[in-house]
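Reading the structure
Residues per chain, in single letters:
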Amino acid sequence: MNFYGGQSVSRWPVFIALTLISKFFDKKIPLVEQPVLILVAILIISGILYLLICSLISKTNPTGKLLVWIIVVGVGMRVSMLLSTPILEDDYFRYLWDGAVLANGINPYAYSSEQVIQNENRSTVPSKLHKLADESGNVILNINHPSLRSIYPPISQLFFGLAHWLNPWSIFSWRVILLFFDFVTLALLIYLLRIFNLPLLSVAVYWWPPF
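Computed from a predicted structure; not experimentally measured. (Residues numbered from 1 in each chain as written. Predicted model: local features only at pLDDT ≥ 70, side-chain atom pairs only at ≥ 80, totals over all residues. Heavy atoms only, no water.)

The next subject is the overall build of the chain. A count of helices and strands for the chain gives 10 helices and zero strands. When the elements of the chain are put in sequence order from the N terminus, they spell out α-α-α-α-α-α-α-α-α-α. Counting all 211 residues of the chain, 40% fall into the buried class. Here the contacts in the chain between residues at least 6 apart in sequence split such that 76% fall between residues at least 24 apart. About 12,000 Å² of surface is accessible on the chain, with carbon and sulfur atoms providing 68% of the total. The averaged location of the 11 negative side-chain charges in the chain is 12 Å from the averaged location of its 14 positive side-chain charges. (Helix = DSSP H or I, 4+ residues; strand = E, 2+ residues; numbered from the N terminus. Buried < 20%, exposed > 50% of the residue type's maximum accessible area, 1.4 Å probe, protein only. Contact = heavy atoms within 4.5 Å. Areas by Shrake-Rupley, 256 points an atom, 1.4 Å probe, with all protein chains shown as cover. Lys, Arg positive; Asp, Glu negative; His and termini not counted. Charge placed at Lys NZ, Arg CZ, Asp CG, Glu CD.)

Right under this line is the structure:
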């Protein structure tokens, strides 16, 4: 199985499998009923393939066509996950909440989500926050460590707000922003590899992640 025709193509089914099982990791499904062992098996297979790919990179003659193929496969893996359900992950609820708060002109560091939920007389928390809480559906209710105010730095907050501006309460818009920065990182890595005269195929170490 060569680097171009076998190992690279075998990456797609792994990510498609992750997308297909991701719906069984919905927050509404109890943790004990989620297919964690299947997830572990898929990730082990992905890790093995990744190690094989890394070992083959140094033995493969670099060509422009192969570099394009590496980029295309990496894009395919990312696109296949865009509509998946987050797996064993709930931090994104706070991203969505912070983004909504900032997009509505409120300091995301001023109030914890618990304050917004528990303030029955609604006197100390801005009414706009209570309206956002009502609009958010289950977002605010699923924020982990609700008693804590946001810990994310200002630059992150700006992009949380941008994601909300693009499409309110949508994890898809947040993923699109992350995908943009992924491409920026890819371009910078290719640029650095060229400057230091290193094999461009080494970009696969970043662009074909095991997870």
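Looking now at the side chain of serine 84. Checked against the element boundaries, serine 84 lands in the loop between helix 4 (64-81) and helix 5 (92-103). Overall, the relative accessible area of 8% leaves serine 84 in the buried class. Among the polar contacts made by the side chain of serine 84, one reaches the main-chain carbonyl oxygen of methionine 81 at a distance of 2.7 Å. Residues in contact with serine 84, not counting those within four places in the same chain, are Thr19, Ser22 and Arg175. (Polar contact = N/O pair within 3.5 Å; in protein donor to acceptor, adjacent residues only side chain to side chain.)

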